[in-house]
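Letter by letter, the chains look like this.
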Amino acid sequence: MVLQRNAQVAVWGWASANANIIINTSWMESPIEVKADNNGHWSIKLTTTNTKEPQSIEIKESGSSIILDNVLFGEVWLCSGQSNMEQSFKGYTGQPTFGALTALSNASNPNLRVFSVEHHGSKTPLDHLNGYRPWQEASPETIRDFSAIAYFFGQQLQEILDVPVGLVLTSWGGTEIQSWMAKDALEGYQPVDLEEVDINQNTKHIPTVLFNAMVNPLVPYTVKGMLWYQGESNRLEPQRYRQLLPAMIKDWRARWGQGDFPFYYVQVAPYLYDKRNDYFQEVENSAFIREAQLQSLADIPNSGMAVTMDIGESHTIHPPRKKEVADRLLYIALNQTYGQTAIDHLGPTYGSLTVKDEGIVLNFNNIDDTGLFAYGKLEGFEIAGEDRKFYPAEAKIVGNHKQVFVKSPKVPKPVAVRYAWRNWIIGTLYDVNLLPASSFRTDDWDYATRIEE
């Protein structure tokens, strides 16, 4: 396994009621004693170091002992979400993971280790996992069925920091965020009654049951941070998701008891839902769920979001370019968690607007002196007047590459702009480090009309 380095790490287990437990480690001079409670539960914190040498832990009760060998100290990241996080190097039927064979060919690495939680649900919080693939060193065989995003993130982090890295994966495709939330956290937003629910039917869609079976047993395994890729299954309820994502993260952090550890997530990618692209209302346009994820950054301390506007695919909800997603998560972690401030990690974000020359000038945050960039023609902008009718607009980078001017002859008195505001589109707006801007809008209208030319 990998334990978080330079930390107070939780070690816990079960024994006879009121048993005396003795813990010997290879890196501490003296043993530690802990007493189990009346139910046999015990837990303790051990202080790890920065050594890269394999360690061992012996846990003894009268008449029995457990020895854990080949324990490394390093960086531990928990990775969770739905199918895009779960997608392995095998891909899905007709849906590949780009770069899979190259990654597998170079996967042998004893300093990168992975642990996977198997699919399971429970009506009540469990203190143990009912199914899992145990800790394994990275190899072509062990990585083939593991999350491609998690692997690409961890593999690069291990090489850059030159320390061991441990990845804990708990994910399930097609799941809503409600399934991953504890009952206490979710009940503040919707009722949760599982008494008459058949846990064996549509398990992954039942509120709280994945938290109970696939997250709660991992608490309080000490981690450095968490990666999250989920939201497609909540795309029809963006306002609710805007509430639930910060609430879930706040609750998870409280349960882990490590303060506001890093929580970095992926914005859902553009995709041609239902093979139509003319949606403009909140209940149908996935731009609204992307907006909810973008806005959530303001409510989640120590958070970051990887934007994927340029790497979606119209024909699959599972974009194959998983390394690019992992790269963007990595840049956030390197900058915000590991202090490598020279690494750009934030793409441009809309800041404000000015009406000028029968058009609108957009100002952006998170751009340095090198400003904005577009591949070829800057596209995907729409502009509207007070009538809330949006027309396709011409857009160009101006103001020393720090602003975008948007204009349409159909809208002589503009008041609002939307960028990439549809289910399927390829983003064209970046900073010069090729980090894309999220889709955004300058209005807050619930309903509007798109006029196609």
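Look a little higher up for the structure.
In what follows, the accompanying structure is described. Keep in mind it's a predicted model, so treat the numbers as computed, not measured. All residue numbers here refer to positions counted from 1 along the written sequence of the relevant chain. Only residues with pLDDT of at least 70 get local features here, since the model is predicted, and only at 80 or more are side-chain atom pairs given and counted; chain-wide, interface and lining totals rely on the full set of residues. With hydrogens and water excluded, all non-hydrogen atoms of the structure serve as input to the side-chain values.

**Points about the sheet that holds strand β18 (residues 389-392)**
Each strand in a sheet pairs with its neighbour through backbone hydrogen bonds, running either in the same direction (parallel) or in the opposite one (antiparallel).
Line of reasoning, step 1. The mixed open sheet is built from five strands, whose spatial order is β23-β21-β17-β18-β24. A strand with exactly one partner marks an edge of an open sheet, and here the two such strands are β23 (440-441) and β24 (449-450).
Line of reasoning, step 2. By the bridge criterion, four bridges tie strand β17 (residues 381-384) to strand β21 (residues 416-419) in an arrangement that is antiparallel. Each residue of the ladder has a partner; that of Glu382, found in β21, is Arg418. Whether two strands pair depends on DSSP finding at least two bridges between them. Put simply, DSSP marks the helices as runs of H or I at least four residues long and the strands as runs of E at least two long, and each gets a number from the N terminus on.

**A word on the sheet that holds strand β19 (residues 394-398)**
Line of reasoning, step 1. Spatial strand order, β14-β15-β20-β19: four strands in an open sheet with antiparallel pairing. Looking at strand neighbours, the two that pair on one side only are β14 (349-356) and β19, the edges of this open sheet. Along the sheet, successive strands turn relative to each other by an average axial angle of 25°, direction set aside. Think of each axis as a best-fit line through the C-alpha atoms, taken over the contacting stretch in the case of a helix, with angles from 0 to 180 degrees between the N-to-C directions.

**Focus on the packing of aromatic side chains**
Line of reasoning, step 1. Put simply, two rings from Phe, Tyr or Trp (the six-membered ring, in Trp's case) pair if the centres are within 6.5 Å, and we call them stacked under 30 degrees between planes, edge-to-face over 60, tilted for the rest. Taken as a whole, this structure holds 24 aromatic pairs when the rule is applied.
Line of reasoning, step 2. On the basis of an interplanar angle of 35° and a centroid distance of 4.7 Å, the ring pair of Phe381 and Tyr419 is categorised as tilted. One end of the pair, Phe381, is in strand β17; the other, Tyr419, is in strand β21, with 38 residues separating them in the sequence. Residues Phe381 and Tyr419 agree in their burial class; the two are buried.
Line of reasoning, step 3. Through pairs of rings, three or more aromatic residues link up here, namely Trp180, Trp228, Trp252, Trp256, Phe261 and Phe263.
Line of reasoning, step 4. Above the face of the Tyr273 ring, Arg235 is positioned so that its terminal group lies 3.9 Å from the ring centre.
Line of reasoning, step 5. Above the face of the Phe261 ring, Arg253 is positioned so that its terminal group lies 5.8 Å from the ring centre. Categorising residues by exposure relies on relative accessible area from a 1.4 Å probe, with only protein chains included: less than 20% of the type maximum marks a residue as buried, more than 50% marks it as exposed, and the intermediate range marks it as partly exposed. As a reminder, the over-ring test applies to NZ of lysine and CZ of arginine, requiring each to be within 6 Å of the ring centre and within 35 degrees of the ring normal.

**Brief notes about the pattern of salt bridges**
Line of reasoning, step 1. Criterion for a salt bridge: a side-chain nitrogen of Lys or Arg within 4 Å of a carboxyl oxygen of Asp or Glu. Across all of its chains, the model carries 20 salt bridges by this definition.
Line of reasoning, step 2. Where Glu291 meets Arg441, a salt bridge forms, and the shortest distance between an N and an O atom there is 2.7 Å. Pair noted here: Glu291 is in helix α8 (residues 287-296) and Arg441 is in strand β23, with a separation of 150 residues, a long-range link.
Line of reasoning, step 3. You can call Glu291 buried: its relative accessible area is 12%.
Line of reasoning, step 4. Several salt bridges converge on common partners, so that one network encompasses Glu291, Arg418, Arg441 and Asp443.

**Here we look at the nonpolar core**
Line of reasoning, step 1. Ranked by size, the top nonpolar core spans 87 residues in total, and within it Trp228, Met248, Trp252, Trp256, Phe381 and Val404 carry the most contacts.
Line of reasoning, step 2. The element best represented in this core is helix α7 (residues 238-256), accounting for eight residues.
Line of reasoning, step 3. Formed by 38 residues, the second largest nonpolar core is a distinct cluster that contains Trp77, Tyr151, Phe153 and Tyr229. Working definition of a nonpolar core: buried Ala, Val, Leu, Ile, Met, Phe, Trp, Tyr and Cys residues. They are joined through side-chain atoms within 4.5 Å.

**Here's the deal with the side chain of Asn234**
Line of reasoning, step 1. Mapped onto the secondary structure, Asn234 falls in the loop between β11 (225-229) and α7.
Line of reasoning, step 2. Judged by its relative accessible area of 0%, Asn234 falls in the buried class.
Line of reasoning, step 3. Distance and chemistry together define a polar contact, namely a pair of N or O atoms within 3.5 Å, with one atom able to donate a hydrogen and the other to accept it when in protein, and with adjacent residues in sequence counting only for side-chain atoms on both sides. Among the polar contacts listed, one links the side chain of Asn234 to the backbone nitrogen of Ile177, at a separation of 2.9 Å.
Line of reasoning, step 4. At a separation of 2.7 Å, a polar atom in the side chain of Asn234 contacts the side chain of Glu237.
Line of reasoning, step 5. Only heavy atoms matter for contacts: two residues are in contact if any of them lie within 4.5 Å across the pair. Not counting chain neighbours up to four residues away, the residues in contact with Asn234 comprise Glu176, Ile177, Gln178, Tyr241 and Ile289.

**Let's talk about the side chain of Thr316**
Line of reasoning, step 1. On the secondary structure map, Thr316 appears in the loop between β13 (303-306) and α9 (322-337).
Line of reasoning, step 2. Exposure remark for Thr316: the relative accessible area of 6% places this residue in the buried category.
Line of reasoning, step 3. Of the polar contacts made by the side chain of Thr316, one reaches the side chain of Gln95; its length is 2.4 Å.
Line of reasoning, step 4. A distance of 3.0 Å separates a polar side-chain atom of Thr316 from the backbone nitrogen of His318.

**Examining the layout of surface pockets**
Line of reasoning, step 1. Considered as a void within the structure, the largest pocket measures approximately 860 Å³ in volume.
Line of reasoning, step 2. For cavity detection a 1 Å grid was placed over the protein atoms alone, and a set of points counts as a cavity when a 1.4 Å probe fits there but cannot get out; an open set counts as a pocket when protein lies on both sides within 12 Å along at least five of seven lines, with lining residues being those that have an atom within 4 Å of a point. Taken together, 29 residues make up the lining of the largest pocket; nearest its centre are Met1, Trp12, Gly13, Trp14 and Leu68.
Line of reasoning, step 3. When residues of the lining of the largest pocket are traced back to their parent elements, those giving at least two are β2 (8-14), β6 (55-61), β7 (64-81) and β9 (132-138).
Line of reasoning, step 4. By residue class, the composition of the lining of the largest pocket is 22 nonpolar, four polar and three charged.
Line of reasoning, step 5. Grid points are joined across faces, edges and corners, and a volume is the space filled by probe spheres set on the points. There is about 440 Å³ of room inside the second largest pocket.
Line of reasoning, step 6. For the lining of the second largest pocket, the secondary-structure elements that each account for two or more residues are α8, β13, α9, β14 and β23.
Line of reasoning, step 7. When residue character is reported, Ala, Val, Leu, Ile, Met, Phe, Trp, Tyr, Cys and Pro are called nonpolar, Asp, Glu, Lys and Arg charged, and the others, Gly included, polar. Of the residues that constitute the lining of the second largest pocket, the class distribution is 15 nonpolar, ten polar and three charged.

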